[in-house]
Amino acid sequence: GLVVVGTRKGEVVALAADSGAERWRASVAGEVLSPPAVGGGRVVVHTVDGRLTGLDAADGRSLWSFEQVVPRLTVRGSAAPVIDGDAVFAAFDNGKVAALTLAEGELLWTATVATPSGRTELQRLVDIDAPVRVAGDDVFVAGFQGRAAMVARGSGQIWWGRDYSTYRGLALDADSLYLATADGAVVSLSRRDGTERWRNDALARRGLSGPAVDGEAVVVGDFEGYVHWLDRGTGALLGRASTDGKRISNAPVPADGLVLLQTDAGGVYALRARPRGG
């Protein structure tokens, strides 16, 4: 029953989902650049200083916090926490993923998905700024200048890892993982072992959003406000639509046969893909 938003001034605001009336307002230690997670009587917020804070969903009271070291140079942003059952999962700017109990914030495990390497601060960036995806007993994650990986939900053991760079996140279906790389390729990987199934470089350097699965297609937005549909099985481009000409930073959201998206200029769009001739 809550809609919760965070601000760059470190405020967390909870609104009633049915009316928009403000329920409570709380302060946290730093900027909130990613959506809070809501579930199990908790609101979990990830701030840019590497801190997770668990708030009481009833009144916004701070209940627990967990912190990871933030490198001196990072990509601006932070991964949204993900609540699954009685646990919360979060990825950090140091290339790590952590699982904590939702109720008390007790650490269950941490996994190092990517290790910094190189001589310069820029080369050593391994930020994970996109939320993990939890599917059954598996957690999928991908980061900038790091790896795409599958991690065991219960233990944090890394089952496989592949070298990919992305800062926009990933999408899943029953068999595959889809991601838009930092240089604009759209890639499909096997969920089972990370084998690359197909790659489409036609949208290179178009500043792609995170991908989403829309029926038999994968859909991404770009820096000029175009929305592109690719065949889920082959990666072939199927079609595109335009919006207001402004960047689409966040992944589209499929819902009831529609693709919902918001541009950085504030335009909100609902699109429906139709077969050719249909």
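In this report, the structure presented in the accompanying data block is examined.

Rules used in this analysis
Residues numbered from 1 in each chain as written. Predicted model: local features only at pLDDT ≥ 70, side-chain atom pairs only at ≥ 80, totals over all residues. Heavy atoms only, no water. Pairing = 2+ DSSP bridges. Helix = DSSP H or I, 4+ residues; strand = E, 2+ residues; numbered from the N terminus. Axes fitted to C-alpha atoms, helices over the stretch in contact; angles between N-to-C directions. Contact = heavy atoms within 4.5 Å. Polar contact = N/O pair within 3.5 Å; in protein donor to acceptor, adjacent residues only side chain to side chain. Phe/Tyr/Trp six-rings, centres within 6.5 Å; stacked < 30°, edge-to-face > 60°. Buried < 20%, exposed > 50% of the residue type's maximum accessible area, 1.4 Å probe, protein only. Salt bridge = Lys/Arg side-chain N within 4 Å of Asp/Glu carboxyl O.

## Quick word on the sheet that holds strand β22 (residues 226–231)
Reasoning step 1: In space, the four strands of this open sheet follow the order β20-β21-β22-β23, with antiparallel pairing throughout. In this open sheet, the two edge strands, each paired with only one partner strand, are β20 (212–214) and β23 (237–242). For this sheet, the mean angle separating the axes of adjacent strands, direction not counted, is 30°.
Reasoning step 2: Pairing of strand β21 (residues 217–221) with β22 involves five bridges; the strand directions are antiparallel. Residue Val218 lies in a different strand from β22, and its bridge partner there is Leu230.

## Describing the environment of Ser176
Reasoning step 1: For Ser176, the position within the fold is in strand β17 (residues 176–180).
Reasoning step 2: Sequence separation of Ser176 and Val187 is eleven residues, and the distance between their C-alpha atoms is 9.9 Å.
Reasoning step 3: The contact partners of Ser176, leaving out residues within four places of it in the chain, are Ala171, Ser188, Leu189, Arg191 and Arg197.
Reasoning step 4: A distance of 2.5 Å separates the side chain of Ser176 from the side chain of Arg197, its partner in a polar contact.

## Some remarks on the packing of aromatic side chains
For any two aromatic rings, the description comes down to two numbers: the centre-to-centre distance and the angle of the planes.
Reasoning step 1: One pass over the structure, following the stated rule, counts four aromatic pairs.
Reasoning step 2: Here Tyr178 and Trp198 contribute two aromatic rings whose centre-to-centre distance is 6.2 Å and whose plane-to-plane angle is 40°, an arrangement assigned as tilted. Taken together, the residues span a long stretch of sequence, with Tyr178 in strand β17 and Trp198 in strand β19 (residues 196–200) at a distance of 20 residues. Trp198 carries the same exposure label as Tyr178, and that label is buried.

## Some points on the pairing of strand β5 (residues 42–46)
Reasoning step 1: Judged by how many residues are buried, β5 sits mostly within the fold: five of five residues are covered.
Reasoning step 2: Residues Arg42, Val44 and His46 line one face of β5 and the alternating positions Val43 and Val45 line the opposite face, and both faces are buried.
Reasoning step 3: Of the pairings in the sheet, the one linking strand β4 (residues 37–39) to β5 comprises three bridges and is antiparallel in character. Along β5, the bridge assignment pairs Gly39 with Arg42.
Reasoning step 4: Counting the residues in the hairpin turn of β4 and β5 gives two residues, including Gly40, whose phi is positive at 60°.
Reasoning step 5: The sheet contact formed by β5 and strand β6 (residues 51–56) spans five bridges and is antiparallel.

## Comments concerning the pattern of salt bridges
Reasoning step 1: Per the counting criterion, the structure on display carries 15 salt bridges.
Reasoning step 2: Across the salt bridge formed by Asp201 and Arg199, the nearest N and O atoms sit 3.8 Å from each other.
Reasoning step 3: The exposure class of Arg199 is partly exposed, given its relative accessible area of 38%.
Reasoning step 4: For Asp222, the salt bridge identified is with Arg206, shortest N-O distance 2.8 Å. Of this pair, Asp222 sits in the loop between β21 and β22 while Arg206 sits in the loop between β19 and β20, placing them 16 residues apart in sequence.
Reasoning step 5: Taking the relative accessible area as the measure of exposure, Asp222 reaches 0% and is therefore buried.
Reasoning step 6: Taken together, the shared-partner salt bridges in this structure form one network comprising Glu11, Glu22 and Arg25.

All quantities given are derived from atomic positions and should not be read as evidence of function.
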